[in-house]
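Residues per chain are reported as follows:
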There are 2 protein chains.
Amino acid sequence: MSAVSPITMLISRTVASGSRVLSGSAARTDADVAFLAARTNLVKHRTMASRAVSLDNMNPNFIKLEYAVRGPLVIRAAEIEKELEKGAQKPFKRVIKANIGDAHAMGQVPITFIRQVLACTVLPELLKTSDFPADVKQRACDLMSGLGGGSVGAYSASHGVDMIRQHVAEYIARRDGHPSRWQDVCLSAGASTAIKNCLQLLCNPVDGKPSGVMIPIPQYPLYSASLAEYGLRQVHYYLDEPRGWGLDVGELERSLTDAAKDTAVRAIVVINPGNPTGQVLTRENIEAVIKFAHAHRLFIFADEVYQHNIYAEGSQFHSFKKVLVEMGAPYVNEVELASFMSVSKGYMGECGLRAGWMELVNMQPEVQAHLYKAISAMLCPAVTGQIAIDCVAKPPAPGEPSYDLWLSETTAVLASLKKRARMIVDTFNNMPGFQCNDVQGAMYAFPSIELPPKAIEVAKSKGLAPDVYYAFRLLEETGICIVPGTGFGQRPGTFHFRTTILPQPQLLQEMLDIFKGFHTKFTKEHS
Amino acid sequence: MSAVSPITMLISRTVASGSRVLSGSAARTDADVAFLAARTNLVKHRTMASRAVSLDNMNPNFIKLEYAVRGPLVIRAAEIEKELEKGAQKPFKRVIKANIGDAHAMGQVPITFIRQVLACTVLPELLKTSDFPADVKQRACDLMSGLGGGSVGAYSASHGVDMIRQHVAEYIARRDGHPSRWQDVCLSAGASTAIKNCLQLLCNPVDGKPSGVMIPIPQYPLYSASLAEYGLRQVHYYLDEPRGWGLDVGELERSLTDAAKDTAVRAIVVINPGNPTGQVLTRENIEAVIKFAHAHRLFIFADEVYQHNIYAEGSQFHSFKKVLVEMGAPYVNEVELASFMSVSKGYMGECGLRAGWMELVNMQPEVQAHLYKAISAMLCPAVTGQIAIDCVAKPPAPGEPSYDLWLSETTAVLASLKKRARMIVDTFNNMPGFQCNDVQGAMYAFPSIELPPKAIEVAKSKGLAPDVYYAFRLLEETGICIVPGTGFGQRPGTFHFRTTILPQPQLLQEMLDIFKGFHTKFTKEHS
């Protein structure tokens, strides 16, 4: 399997050849063209020997960085959409974007309460109309009283509006049955921003060794991308696919021991419910991770953005904070933890508003002060997103005018996701060559696929990882856009892909049928 | 003047003394308490010898980083506001926040068109009402047609919605009279994010020398903060205060020559109109900077977020892009440039929406591809902010239903800012000990103040820079929050502060009267 990614290849090939795009596989050439077409007409002007910023002298971490969820496949998918709009003839009529957890883009309807409150704060004259329930108006007024000049157009405090942070702390306290300090809650422009801010705390060598962070394999590529960006080493621990993508402490110990020879291992990332794997950790699992982190003095990144997305019978979400508190001394006071949450997932799916939060637990106060100071230079997360956070942290209560609608909408979204999780797993497991673990939670399935040896050879001859080749073929021939396992990491010699469970039921069924047909054809072609 | 900032001092003193806050000046002690009070009750649990992340092993760049616009003074101002709310007796009834360019917080009213379009996209059922002009409804529909699932809750493309980028390119073309390629326009969560993304391209050593970026002194502290964050060196060039904060190429040459001994100077930042200085560059000035950048192969950061805020007779905004294009070869094809814009400033003042853009000119296509790829890992700027960008890039046209209101609102905002710019300059120049250059543009005045030798001594005895001491006294005694010149940089031995021109006229007059009284008292006390 090539260690070089398609995007690095396409860029370096382009450099080697000036503006001319070298021929390769059909898919690769198309992606090349898509990516660079807009620029080729400028390149002719640009033959000067040296530049202020060039591939030779730019930050090499930006070159290493990869983010498969928005990588060359997705760029190509957008191109295909445009070609279809212009009337191009394809074997399909629409691109199905199963590459990204973007619920609204796949037809999920926004929660009315969130949007009503947001509309009233954006345009306060709406409060004078009779179009909104009393609790919506009251919430909008309460929120505006905490904003500068009452306007969503004023900066908020850098870590979010105090009142909203307080509501988040109350949400956490209700969720866990243990108190949360609102000063330790920091609102952010999505979980990604908060995760990156915390990773940045670690990007210095310690005792002469470069720092590293333990991440699961497979992982959500924000982690690998951000570690590359900050020059941090990835320390891989493998999730146990045959045991439902379980997290095994023996594997954590192996991973740490191997890495510690030349790396200062500083932190461990746990994604629960899992992305891309869909597993939900047991309480015992979480306790074991906390003990491991305590023994090795690791900072825990608890990525808990899918905490509302639990589908499997018997699965339950346990927050790291709750388990930590209930473990008592010495853990409760000594294990450093950041828990991340988002309004992009759950029943909300409000990705476009870019809003999330983190709760910091046991962070050294001086470190937290410096972290907060660094965050303050970015002014504040979008106030519109903060308003959505408020609606999530403090939803309508029973008896309030918006409660019944809110309950029916949120229940319907989660029930439908649960149904789709079941449907996708059952379908893949009924397809020869596929093996798919249960989707206990989150929004994705990550099945393994058997690829015929001939397909692996063809892929290698094209300089592509076999799963990338498979995914490009799938896209070009069916319009289905998934993300190959290479983007998340997988055990060498195994092949996977991630698909979201987000297409609405009818479209999902259609997608699975098309997928089945493609796989049969692909296998036959390469047998 | 102490090189150690108040915040670093308060943190390091706290570390040295455990949770006990050492006594110091009244203001400093209060700030200490404000900043750490919430945490002291936790510190007692936290006496373990070592931690995963501690002051000793955390990223030292986060410790160095300073952002005065939201620094200890501003933290203290927020505390005072809370004390007043709780009924504390003070010599004043309200804090006047003249520290930050936050127009809505100071009473500026949002532009109706922006908010109406935003409300309709947030809650599309509003389109069914008769409460909105036809062009607002049409715009909302057009925008929604470019969003995933028609929802502001779907992720957009990472660099923004194509249609909005196209409208920005059209705006730039109208502004400059020269074409702009929409693919080179990248939308962002405020100008700050885009600036940081571009700075990150540079944070690697070149030829064994650490990289550095030329920044004006005084500068907007986002630059010093970001350079510290990325381990980039600040290369200072001084603006010429006696010549209206002019930009002198001789000084650029001096600065570069001095720095080049041990620094790879990669880029130059120009803020036009100036923040905090309020100067507007002439076309000749801009040509000279472009020639300088070309000669020394520097990337130009053109911070043009105040391009709508021009007040002085005879001043005119010239974009770097326009001047570059009109200079012709070799500059037009060889000088690399990023221009930054924001919806937080101008007549809009929509800071809380976090939206801006950059236009990249002559960036090496491969570098641009890597930059775009790195940005894609952050998913997208808030879609709500992008909608505001669209309204700014494509405002109502003459004859459209919203045009007259839009015109009267925007004209009124800019006329009032012009009046306040005049008022503040005249008042300061009538106060003994103050010297204030004309505010030709932007939203700030940056007067110099004479401080009596005794005040300088007292400040030193408290470990504070004299202007910081002055600003803390002003805050504690009058409730006026300004930012001392130390936060922006100033020639050694001179003292300044930045105040916004944003308080509404009556409040501004009141503020200036109080200021005058304070200064007289302060001077007398220290004579």
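Structure shown above.
Below: a short report on this structure. Keep in mind that this is a model prediction, so the values were computed, not measured.

Considering the sheet that holds strand E3 (residues 211-217) of chain B
Residues and elements named next belong to chain B.
Reasoning step 1: Reading across from one edge, E2-E8-E7-E6-E5-E3-E4 is the order of the seven strands in this open sheet, with mixed pairing throughout. Strands with a single pairing partner mark the edges of an open sheet, and in this sheet they are strand E2 (185-188) and strand E4 (233-238). If you compare each strand with its neighbour and ignore which way they point, the axes differ by 25° on average.
Reasoning step 2: Sheet strands touched by helix H7 (residues 162-176): E2, strand E7 (337-342) and strand E8 (356-361). Its angle to E2, the strand with the most contacts, is close to 115°.
Reasoning step 3: The sheet strands contacting helix H10 (residues 249-260) are E3, E4 and strand E5 (264-271), and the helix crosses E4 at an angle near 150°.

With respect to the relation of the copies chain B and chain A
Reasoning step 1: Each copy superposes on the other: chain B lies on chain A with an RMSD of 0.0 Å after a rotation of 180° and an axial shift of 0.0 Å. Both chain copies can therefore be described as sitting about a two-fold axis. Closest approach to the rotation axis within chain B is made by the C-alpha atom of B:Ala119, at a distance of 2.5 Å.
Reasoning step 2: Both copies share a contact surface, since 100% of the interface residues of chain B are interface residues in chain A too.

Some words on the pattern of salt bridges
Reasoning step 1: Overall, the coordinates contain 51 salt bridges over all chains when judged by the stated rule.
Reasoning step 2: For B:Asp262, the salt bridge identified is with B:Arg233, shortest N-O distance 3.4 Å. On the criterion of sequence distance, the pair formed by B:Asp262 in the loop between H10 and E5 and B:Arg233 in strand E4 is long-range, its members being 29 residues apart.
Reasoning step 3: Taking the relative accessible area as the measure of exposure, B:Arg233 reaches 34% and is therefore partly exposed.
Reasoning step 4: Between B:Lys418 and B:Glu313 there is a salt bridge; the shortest N-O distance is 3.2 Å. Linking B:Lys418 in helix H16 (residues 403-429) with B:Glu313 in the loop between strand E6 (299-303) and helix H12 (320-327), this pair joins segments that are 105 residues apart in sequence.
Reasoning step 5: Accessibility expressed as a relative area gives 69% for B:Glu313, which makes it exposed.
Reasoning step 6: Counted as one network, the salt bridges with shared partners bring together A:Arg76, A:Glu83, A:Lys90 and A:Glu476.

Examining helix H6 (residues 134-145) of chain B
Residues and elements named next belong to chain B.
Reasoning step 1: In a regular helix each residue adds 1.5 Å, so twelve residues correspond to 16 Å; H6 covers 17 Å between its end C-alpha atoms and thus fits that length.
Reasoning step 2: The set of residues buried in H6 consists of Asp135, Val136, Arg139, Ala140, Leu143 and Met144.
Reasoning step 3: Contact partners of the buried residues in H6: helix H5 (112-122), H7 and helix H15 (383-393).

Considerations on the interface of chain B and chain A
Reasoning step 1: With 114 residues of chain B at the interface, the matching set in chain A holds 115 residues.
Reasoning step 2: Interface area for chain B against chain A, summed over the two sides, is near 9600 Å², with a carbon-plus-sulfur share of 59%.
Reasoning step 3: When the area that chain B buries against chain A is broken down by residue, the three leading residues are B:Phe62, B:Arg70 and B:Tyr155, summing to 8%.
Reasoning step 4: Scanning the region where chain B abuts chain A turns up two salt bridges.
Reasoning step 5: If one sorts the elements of the side of chain B that touches chain A by residue count, helix H14 (residues 365-376) of chain B sits on top with eleven residues.

A few points about unusual backbone geometry
Reasoning step 1: For the bond running from B:Asn272 to B:Pro273, omega is -10°, close enough to zero to count as cis.
Reasoning step 2: Summarising the element assignment, B:Pro273 is placed in the loop between E5 and helix H11 (283-295).
Reasoning step 3: Note the cis peptide between B:Ala329 and B:Pro330, where omega equals 0°.
Reasoning step 4: Here the phi dihedral of A:Leu379 falls at roughly 75°; this positive angle occurs in a residue that is not glycine.

As for the pairing of strand E7 (residues 337-342) of chain A
Taken residue by residue, a regular strand's side chains alternate between the two faces of the sheet.
Residue and element names in this part refer to chain A.
Reasoning step 1: Taken across its six residues, E7 has six buried, putting it largely inside the fold.
Reasoning step 2: Along E7, one buried face is formed by Leu337, Ser339 and Met341 and the opposite face, lined by Ala338, Phe340 and Ser342, is buried too.
Reasoning step 3: Examined bridge by bridge, strand E6 (residues 299-303) and E7 share four bridges and lie parallel to one another. Within the sheet, the bridge partner assigned to aspartate 303 lies in E7 and is phenylalanine 340.
Reasoning step 4: Pairing analysis gives six bridges linking E7 to strand E8 (residues 356-361), with the strands arranged antiparallel. By the bridge assignment for E8, serine 342 is matched with glycine 356.

Definitions and cut-offs
Residues numbered from 1 in each chain as written. Chains lettered and ligands numbered in written order. Predicted model: local features only at pLDDT ≥ 70, side-chain atom pairs only at ≥ 80, totals over all residues. Heavy atoms only, no water. Pairing = 2+ DSSP bridges. Helix = DSSP H or I, 4+ residues; strand = E, 2+ residues; numbered from the N terminus. Axes fitted to C-alpha atoms, helices over the stretch in contact; angles between N-to-C directions. Contact = heavy atoms within 4.5 Å. Least-squares fit on C-alpha atoms with pLDDT ≥ 70 in both. Salt bridge = Lys/Arg side-chain N within 4 Å of Asp/Glu carboxyl O. Buried < 20%, exposed > 50% of the residue type's maximum accessible area, 1.4 Å probe, protein only. Expected span 1.5 Å × (residues − 1). Buried area = accessible area lost by both parts, 1.4 Å probe.

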